[in-house]
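# Coordinate inspection notes
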Amino acid sequence: MAAVLRLSVLCSARGSRAVFFGTPVVRPAHVAAFLQDRPAPGWCGTQHIHLSPSRHSGSKAASLHWTSERVVSVLLLGLLPAAYLNPCSAVDYSLAAALTLHSHWGLGQVVTDYVHGDASKKAANVGLLALSTLTFAGLCYFNYHDVGICRAVAMLWKL
């Protein structure tokens with residue numbers, strides 16, 4: 001933030017060039033345009049700072065998504081002992097939904113953080129959606145046509 005702040009010691013009141021660096025001083029209007037990733041008249045900088053994803057900036061969607069992630073995590077903490085104590089189809093399907101949603105959101109953050117470029121990001125998100133859909137469908141198929149998640153884990157523990 002030191003590059004964004006205006007130091008009145010190094011520049012005049014009119015916003016002329018800084019004494020040491022020879023670049024124009026950033027004014028508040030330029031700062032707002034800089035943080036919103038829009039070029040402003042007179043701005044010569046090339047670096048952009050992205051503080052949050054643009055699709056959630058300034059909305060309640062980010063807060064709701066964060067809360068939903070925490071609710072699913074706490075739900076998983078309760079479902080694991082319930083699956084051990086009372087293995088039934090309701091717990092099996094709840095585990096299938098919660099595990100798929102939890103892993104989808106986690107891998108979505110990996111895509112957001114590490115995949116760059118619009119086309120690559122769109123392709124990765126489509127692949128993630130396909131993977132999550134196939135995972136949920138596979139777990140539901142396993143629950144319906146086989147012993148279910150709870151009993152399968154119990155059978156693995158008996159080995």
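These lines cover the structure that appears in this document, whether it is placed above or below.

### A look at the overall build of the chain
What the chain contains, in helices and strands, is 5 helices and 0 strands. The secondary structure elements of the chain, listed N-terminal to C-terminal, are α-α-α-α-α. When the 159 residues of the chain are sorted by exposure, 21% land in the buried category. At a minimum sequence separation of 6, the contacts of the chain that also span at least 24 residues come to 38%. Put simply, the chain shows about 11800 Å² of open surface, and 67% of that area lies on carbon and sulfur atoms.

### Quick word on the nonpolar core
If you look at the biggest cluster of nonpolar residues, it comprises 9 residues: Leu 76, Leu 79, Ala 83, Val 91, Leu 95, Ala 96, Ala 98, Ile 149 and Cys 150. Those elements that provide at least two residues to this core are helix H2 (60–85), helix H3 (89–114) and helix H5 (149–158). If one sorts the elements of this core by residue count, H3 sits on top with 4 residues.

### Examining the side chain of Asp 92
Here Asp 92 lies in helix H3. The buried charged residue Asp 92 lacks any salt bridge partner; its closest oppositely charged side chain belongs to Arg 151, at an N-O distance of 4.8 Å. With residues near it in sequence (within four places) discarded, Asp 92 still touches Asn 143, Val 147, Gly 148, Ile 149 and Cys 150.

### Focus: helix H4 (residues 118–145)
When the terminal C-alpha atoms of H4 are compared, their 40 Å separation across 28 residues agrees well with the 40 Å that a helix rising 1.5 Å per residue should span. In this structure, the buried side of H4 is in contact with H3 and H5.

### As for the pattern of salt bridges
Tallying each qualifying case throughout the model produces 1 salt bridge. Among the salt bridges present, the one from Arg 70 reaches Glu 69, with a minimum N-O distance of 3.1 Å. Among the residues examined, Arg 70 registers a relative accessible area of 37% and is labelled partly exposed.

### Observations regarding the environment of Glu 69
Mapped onto the elements, Glu 69 comes out in helix H2. Residues Glu 69 and Leu 101, spaced 32 residues apart in sequence, show a C-alpha to C-alpha distance of 8.8 Å. Among the polar contacts made by the side chain of Glu 69, one reaches the side chain of His 65 at a distance of 2.9 Å.

### Focus on the state of the cysteines
For the structure on display, the rule yields 0 disulfides. Here Cys 88 stays unpaired: no disulfide links it, and the sulfur of Cys 150, its closest cysteine neighbor, is 6.9 Å away. Residue classification places Cys 88 among the partly exposed positions, given a relative accessible area of 23%. Accessibility expressed as a relative area gives 7% for Cys 150, which makes it buried.

### A closer look at a nonpolar patch on the surface
Judged by side-chain polarity, Tyr 84, Leu 85, Val 153, Leu 156, Trp 157 and Leu 159 come together as a nonpolar surface patch covering roughly 810 Å² of accessible area. Taken together, the elements giving at least two residues each to the nonpolar patch come down to H2 and H5. Sorting elements by how many residues they give to the nonpolar patch places H5 first, with 3 residues. A relative accessible area of 68% places Leu 85 in the exposed class.

### Examining the environment of Cys 140
Here Cys 140 shows up in helix H4. On the accessibility criterion, Cys 140 (19% relative accessible area) is buried. As for Cys 140 and Ala 97, which are separated by 43 residues in sequence, their C-alpha atoms are 8.8 Å apart.

Each value, and the rule that gives it
- By convention here, each chain's residues receive numbers from 1 onward along its written sequence.
- pLDDT decides what is reported in this predicted model: residues at 70 or higher carry local features, side-chain atom pairs at 80 or more are listed and counted, and totals for whole chains, interfaces and linings draw on all residues regardless.
- Calculated side-chain values reflect all of the structure's heavy atoms, with hydrogen atoms and water omitted.
- Secondary structure elements follow DSSP: runs of H or I of four or more residues count as helices, runs of E of two or more count as strands, with numbering from the N terminus.
- Think of it in three bands: with a 1.4 Å probe and only protein chains considered, a residue is buried below 20% of the maximum accessible area for its type, exposed above 50%, and partly exposed in between.
- The criterion used for residue contact is that any of the two residues' heavy atoms lie within 4.5 Å.
- Calculation of accessible area relied on Shrake-Rupley with a 1.4 Å probe; when residues are assessed, cover is drawn exclusively from the protein chains displayed.
- Only buried Ala, Val, Leu, Ile, Met, Phe, Trp, Tyr and Cys residues count toward a nonpolar core, and they belong to the same one when joined by side-chain atoms within 4.5 Å.
- Counted as positive: Lys and Arg. Counted as negative: Asp and Glu. His and the chain ends are not counted at all.
- Should a side-chain nitrogen of Lys or Arg be within 4 Å of a carboxyl oxygen of Asp or Glu, the pair is scored as a salt bridge.
- Expected helix span is taken as 1.5 Å per residue step, with the number of steps being one fewer than the number of residues.
- Two N or O atoms form a polar contact when they lie within 3.5 Å of each other; inside protein one atom must be a possible hydrogen donor and the other a possible acceptor, and for residues adjacent in sequence the pair counts only when both atoms belong to side chains.
- The definition used for a disulfide is geometric: two cysteine sulfur atoms within 2.5 Å.
- In this scheme, patches are assembled from residues that exceed 30% relative accessible area and form no salt bridge. Like charges are connected within 9 Å, while nonpolar side chains (Val, Leu, Ile, Met, Phe, Trp, Tyr) are connected within 5 Å.

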